[in-house]
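Summary of the model geometry
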Amino acid sequence: TSQQNGPKREMLLVSDFDQTLSFNDSGIVLSEMLGIDDFEQRVVGLAKIHLIQQGGELPYLLLHDPEYRRVRKEHLTAVGKRIRLKANIQLMLELLQQLDDYHFSFYVVSAAPEEVIQSALEGIVAPENICGTQFRYHPDTGEIQSIVRVPAGYGKVVVVEALRAQLALGHDRIVYVGDGSSDVNVMLHVNRLDGLTIAVSENPFITQIAKRTVLSDDALGV
């Protein structure tokens, strides 16, 4: 039954970005733009030595790899415009707002650079609802000096918990959508506290953890 005249149930819907709202990985698109052809091999190399949280490889390369050190903020914004998004993200958000019994607050939490996500989702998701990797830039050269935040691995749990506390919601009011190994920590966390987790890829690590799996090129599938 509809509760149109009563209070709506407040929900927090959180989505990853790379391969979840998009078809492309930000690092691959950036590497193609720079003419660097072995991004995936570098990521595999970093994964083997377990130096950083899964999903945080691109921020690490931007800070430490000589070939990626030339990247500036404007490059990241340009990458966002090249990223191919899944269909109907805006329509999905509009339809969620029309539900009688629920009110969804939608946030993107991803290890992709914040500038990339904001550029890709411009006009669809407000910048303040995007929590990506934040860099500190040199005021004169524009070079990336340091990393302020990387929402990868357990870092995603921290950001999602901060959003939940900010909205004053119970843990069972969280829905998390993700696609890969960097989402394992946050999905386990959300499941443990009776939230809902949705996988949008066939990644074996998360399909075994997620409560639902939805494979679609269209965001409405979720």
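For the structure given in this document, a descriptive report is provided here. (Residues numbered from 1 in each chain as written. Predicted model: local features only at pLDDT ≥ 70, side-chain atom pairs only at ≥ 80, totals over all residues. Heavy atoms only, no water.)

Let's talk about the packing of helix α1 (residues 26–34) against helix α4 (residues 73–82)
Where α1 meets α4, the axes come as close as 9 Å, and the angle between the chain directions of the two elements is 110°. Taken together, the axis directions place α1 and α4 in an arrangement best described as roughly perpendicular. Considering only the axes of α1 and α4, their crossing is right-handed. The residues of α4 that touch α1, namely those facing S26, V29, L30 and M33, are H75, L76, A78, V79 and R82. Of the residues contributing to the contact of α1 with α4, the split by class is 6 nonpolar, 2 polar and 1 charged. (Axes fitted to C-alpha atoms, helices over the stretch in contact; angles between N-to-C directions. Helix = DSSP H or I, 4+ residues; strand = E, 2+ residues; numbered from the N terminus. Parallel < 35°, antiparallel > 145°, perpendicular 65-115°, else oblique. Left-handed = near helix turned anticlockwise from the far one by under 90°. Contact = heavy atoms within 4.5 Å. Nonpolar A, V, L, I, M, F, W, Y, C, P; charged D, E, K, R; others polar.)

Looking at the nonpolar core
Ranked by internal contacts, the top residues of the largest apolar core, which has 42 residues, are F17, L30, L62, V108 and L121. Membership of the second largest hydrophobic core comes to 19 residues, among which are V109, C131, M187 and A210. (Core = buried A, V, L, I, M, F, W, Y, C linked by side-chain atoms within 4.5 Å. Buried < 20%, exposed > 50% of the residue type's maximum accessible area, 1.4 Å probe, protein only.)

So, unusual backbone geometry
Even without a glycine there, the phi angle at Q19 is positive, about 65°. Topologically, Q19 is positioned in the loop between β1 (9–15) and α1. With a phi angle near 70°, D194 is a residue other than glycine that sits in the positive phi range. Its location among the elements puts D194 in the loop between α8 (184–192) and β6 (196–199).

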